[in-house]
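Observations on the three-dimensional arrangement
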Amino acid sequence: QVQLVESGGGSVQPGGSLRLSCTASRTRSSINAWGWYRQTPGKERVFVAAIHSSGNTKYTDSVKGRFTISRENARNTVYLQMNNLLPEDTGVYYCKGGYRDLDTAFWGQGTQVTVSP
């Protein structure tokens, strides 16, 4: 069973930065599609950013220019660099990884990000 483990969450003040990491293990091959999603209490999980092995990246509008998704293939790891954090960025961040795409993929357990004065 594939395991995705996130790390790097925490509490920061508005304007601060955090770097999330997610590493896959027990995979039969490389993870080619990665995504980050955010969930707040009582709301659905929403898309934040994605990256494919082709190099293509995609971001939700609210994080463009502030967040950067990247990957390290040799370590089967994806990162989310979050700069200029805002209170509305608060939530549990989940990574998702798939061998081909994110339609059929695996989820991590989530890591809490809290942005408050």
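Given the structure is predicted, the values throughout are model-derived calculations rather than measurements. (Residues numbered from 1 in each chain as written. Predicted model: local features only at pLDDT ≥ 70, side-chain atom pairs only at ≥ 80, totals over all residues. Heavy atoms only, no water.)

**As for the environment of Ser-116**
Heads up, the rule is: Runs of H or I in DSSP of at least four residues are treated as helices and runs of E of at least two as strands, each being numbered from the N terminus. Here, residues are in contact when the closest pair of their heavy atoms is within 4.5 Å.
When you line up the elements, Ser-116 lands in the segment after β11 (111-115). Ignoring sequence-local partners within four residues, the contact set of Ser-116 consists of Val-12, Gln-13 and Pro-14.

**Focus on unusual backbone geometry**
For clarity, the cut-off: Think of it in three bands: with a 1.4 Å probe and only protein chains considered, a residue is buried below 20% of the maximum accessible area for its type, exposed above 50%, and partly exposed in between.
Even without glycine at this site, Arg-26 takes up a positive phi of about 60 degrees. For Arg-26, the position within the fold is in the loop between β3 (18-25) and β4 (33-39). Unlike most non-glycine residues, Asn-76 shows phi in positive territory, near 50 degrees. Examined against the element boundaries, Asn-76 turns out to sit in the loop between β7 (67-72) and β8 (77-82). A relative accessible area of 11% places Asn-76 in the buried class.

**Some thoughts on the packing of aromatic side chains**
Formally: Centre distance within 6.5 Å is the pairing criterion for rings of Phe, Tyr and Trp, where only the six-membered ring of Trp is used; planes under 30 degrees apart are then read as stacked, over 60 as edge-to-face, and the remainder as tilted.
Applying the stated rule across the entire model yields four aromatic pairs. Ring plane angle 90 degrees and centroid distance 6.4 Å describe the contact between Tyr-94 and Trp-107, whose orientation is recorded as edge-to-face. Of this pair, Tyr-94 sits in strand β9 (residues 91-98) while Trp-107 is found in strand β10 (residues 106-107), placing the two residues 13 residues apart along the sequence. Trp-107 sits in the partly exposed class, given a relative accessible area of 36%.

**Topic: the pairing of strand β1 (residues 3-7)**
So the rule is basically this: Pairs of strands are assigned from DSSP output, requiring at least two bridges between the strands.
Alternating residues of β1 divide into Leu-4 and Glu-6, all buried, and Gln-3, Val-5 and Ser-7, none buried. Relative to β3, β1 runs antiparallel, the two being bridged by five bridges. Pairing of Val-5 across the sheet is with Thr-23, part of β3.

**Some thoughts on the pattern of salt bridges**
Stated formally: The salt bridge criterion pairs a side-chain nitrogen of Lys or Arg with a carboxyl oxygen of Asp or Glu, the two atoms within 4 Å.
Per the counting criterion, the structure on display carries two salt bridges. With its nearest N and O atoms 3.0 Å apart, the salt bridge here joins Asp-61 to Lys-64. Measuring nitrogen to oxygen at the nearest pair gives 2.8 Å for the salt bridge that ties Asp-89 to Arg-66. One end of the pair, Asp-89, is in the loop between β8 and β9; the other, Arg-66, is in the loop between β6 (57-59) and β7, and 23 residues separate them in sequence. In this structure Asp-89 comes out as buried when scored by relative accessible area, which is 2%.

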